[in-house]
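Geometric and topological summary
Below, each chain spelled out in residue letters.
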Amino acid sequence: MMDQFAHFFGILFELCTRPSNLLVLFGSSLLGILFGSMPGLTATLGVALLTTLTYNLDTSTALISLLGMYVGAIYGGSYPAILINIPGTPAAAATAMDGYPLALKGDGGRALGLTTTASLIGTVIGLICLVVLSPLIASFALQFTSWEFFLLALFGIIISGTLTSSDLVVKGWIAGFIGLFMATIGRDTLQFYPRYTFEQSQLDSGLEIVPVLIGAFAIPQIIRVLAEKQTLRKAEKFGRILPDFRTIARNIKHIVRSSMIGVGIGSVPGVGEDIAGWVSYSTAKNTSTKQQQEEFGKGSAAGLVSSETANNASIGGALIPLLTLGIPGSPPAAMLLGALLLHGVVPGPTIEAEHPGFLLEITAIMVMASFAMWANGMLLAKQVIKILSIPSPLFIPVVGVLCILGSYALGLNLFNLYLMLPVGIVAFVLSENKFPISPLVIGLVLGGMADESLRRALMISDGSFLPMLQRPVCLILVLFILYFLLSQFGPVKRCTQRLFSRFKPAVGG
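Residues numbered from 1 in each chain as written. Predicted model: local features only at pLDDT ≥ 70, side-chain atom pairs only at ≥ 80, totals over all residues. Heavy atoms only, no water.

As a further point, take the overall build of the chain. Along the backbone of the chain there are 23 helices and 2 strands. By the burial criterion, 57% of the 509 residues in the chain qualify as buried. Sequence-distant contacts in the chain: of pairs separated by 6 or more residues, those separated by 24 or more amount to 79%. In the form shown here, the chain has an accessible surface area of approximately 21,600 Å², with 67% of it arising from carbon and sulfur atoms. (Helix = DSSP H or I, 4+ residues; strand = E, 2+ residues; numbered from the N terminus. Buried < 20%, exposed > 50% of the residue type's maximum accessible area, 1.4 Å probe, protein only. Contact = heavy atoms within 4.5 Å. Areas by Shrake-Rupley, 256 points an atom, 1.4 Å probe, with all protein chains shown as cover.)

Here we come to the pattern of salt bridges. For the coordinates displayed, the defined rule picks out 5 salt bridges. As a salt-bridge pair, Arg456 and Glu452 come within 2.5 Å of each other at their nearest N and O atoms. Highlighted residues: Arg456 and Glu452, both in helix α21 (residues 438-460), separated by 4 residues, approximately one helical turn. (Salt bridge = Lys/Arg side-chain N within 4 Å of Asp/Glu carboxyl O.)

Core analysis: the largest hydrophobic core is formed by 137 residues, its most contacted members being Leu323, Ile362 and Cys403. Here this core gets 14 residues from one element, more than from any other, and that element is helix α18 (residues 358-384). Here Leu323 is in contact with Leu130, Leu340, Pro347, Gly348, Ile351, Phe358, Leu359 and Ile362, once residues within four sequence places are set aside. Core analysis: the second largest hydrophobic core is formed by 6 residues, Ala94, Met97, Tyr281 and Ala302 among them. (Core = buried A, V, L, I, M, F, W, Y, C linked by side-chain atoms within 4.5 Å.)

Moving on to a nonpolar patch on the surface. Side chains of Ile128, Val131, Val132, Leu133 and Leu136 sit close together on the surface and give an oily, nonpolar patch of about 420 Å² of accessible area. A relative accessible area of 35% means that Val131 is categorised as partly exposed. (Patch = residues over 30% accessible without salt bridge, like charges linked within 9 Å, V, L, I, M, F, W, Y side chains within 5 Å.)

Along the polypeptide, Ala450 turns up in helix α21. C-alpha separation for the pair Ala450 and Leu180, spaced 270 residues apart in sequence, amounts to 8.4 Å. In this view, Ala450 contacts Phe150, Ala153 and Leu180; residues no more than four positions away in its chain are not counted.

With that out of the way, let us pick up the packing of aromatic side chains. For the coordinates displayed, the defined rule picks out 6 aromatic pairs. For the ring pair Tyr483 and Phe484, a centre distance of 5.5 Å and an interplane angle of 70° mean the geometry is edge-to-face. The exposure class of Phe484 is buried, given its relative accessible area of 13%. Each member of the aromatic cluster is reached from another via a ring pair, and the members are Phe155, Phe480, Tyr483 and Phe484. (Phe/Tyr/Trp six-rings, centres within 6.5 Å; stacked < 30°, edge-to-face > 60°.)

Moving on, we get to the side chain of His343. In this fold, His343 is placed in the loop between α16 (331-342) and α17 (351-354). When residues no more than four places from it in sequence are discounted, the contact partners of His343 are Thr54, Tyr55, Leu57, Thr59 and Ala62.

This part is about the side chain of Ser65. If you trace the backbone, Ser65 turns up in helix α4 (residues 59-76). Those residues in contact with Ser65 that lie beyond four places of it in its chain are Val24, Ser28, Leu50 and Thr54.

Before going further, it helps to spend a moment on the confidence of the model for the chain. Counting all residues, the mean pLDDT for the chain is 79, and 86% of those residues have values of 70 or more. The weakest mean pLDDT in the chain belongs to helix α23 (residues 490-500) at 60; the strongest belongs to α4 at 88. Per-residue pLDDT stays below 50 along residues 502-509; that stretch engages in 15 contacts with residues further than four places along the chain or on separate chains. (pLDDT = per-residue confidence, 0-100.)

What follows covers the packing of helix α7 (residues 108-141) against helix α12 (residues 252-266). It is the contact of α7 with α12, at a shortest axis distance of 9 Å, that shows an interaxial angle of 55°. With respect to α12, the axis of α7 lies oblique. Where α7 crosses over α12, the two elements pack in a sense that is right-handed. Each of Ile121, Gly122, Ile125, Gly126 and Cys129 in α7 lies in contact with α12, whose residues at this interface are Ile255, Ser259, Met260 and Val263. (Axes fitted to C-alpha atoms, helices over the stretch in contact; angles between N-to-C directions. Parallel < 35°, antiparallel > 145°, perpendicular 65-115°, else oblique. Left-handed = near helix turned anticlockwise from the far one by under 90°.)

Following this line, the structure appears as structure tokens:
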């Protein structure tokens, strides 16, 4: 353990003593805060666009920029949530419930100070869980066979579709299996047989994940913002931004609990930071006294720090399955997976054997990113907030140009543009019909693992599914999959609704 700590601080010292790393870190963190604070832009879109610019960078520098963007964007969404009651990112939706009422009372600066400090604490606690749990999960996953990996991928798609659907759950499953189908395009990795390529050589290697993700998340957002022509209200005055450590200390129980909720929900494939924020907010309200509950929605510090702590802690949670199993816990983490593959790093149980010290390097970069986020938030918030005066219809076309340039720059391949645009249009049509996009992305990311693992397992067993039912982990995964499928029918659905009814977010604000 002491050797691990020594190695960690050695990596941290080496990264911090390079001026170029600090410049990239603070620049990407600030850029992430800008993306998060501008309604219409998201952390996923920011990481996607930045990924295309890291193509020629070394792996460490690329990770510094991407993780700085990720952490900054999740935090930056709290700015417009507090000041104009419009969450900059979905992760900040619960923050608006008590952040905006505080701003109306003239406590906007205090609210921003609380969210900045709570975000730092949540991120650090998430990192501690990442360091502690990742080696355990990785060592456990080394015992997995093809059957376990197939069922794990299928479980990820099913649970992502179940938990992210705002309408019928079956729509989430359909979106997930559309992504699964997209993953089968190209020559299969076992027998090198072309599938759904229509004799197009560009499709032989399958769909490039980065252009697909840019299309799936950026194009629908661009179309939606330009169609709505959204105008922003004037931001509330917020005064000085100071860290209110006294209020943080009084709400330490909410912070610790929200961090655990954030890590747990962040580790569920495809669910994301926004659900972590809502669940934590609702839990904080339900566990408070009746008098304290009446303050929620009217400017409660407990509600504010709970949502912000959880959505930042879920970053560390999302990285746990990403790094140990190759399964992203959130859409931005799915984009990080694409970036890692782009730089020749294949996440999974063997990542430490193939890249010794990689988990500690990721942790060190995340620690740097969290403190860069806090420093930028405290020192530059007044300047960053000026971006709220820019109308979204003026800003979004610039994002569109960056999407086009970024997709093309990825290998200077014009085919990536032909891929990005139709995927974006299809994603827009799906989202307008209340099909969630996250399961589609998770299906695309996990589809290759599901397809290859199932076919390899059937080759070994001569086409028999019996070995799958003879392994304990497989049986547990099968039971979970069946439960989520059956939970939409009759008595099981009613039982599930009663079980999770207390986690439903409050409305209003």
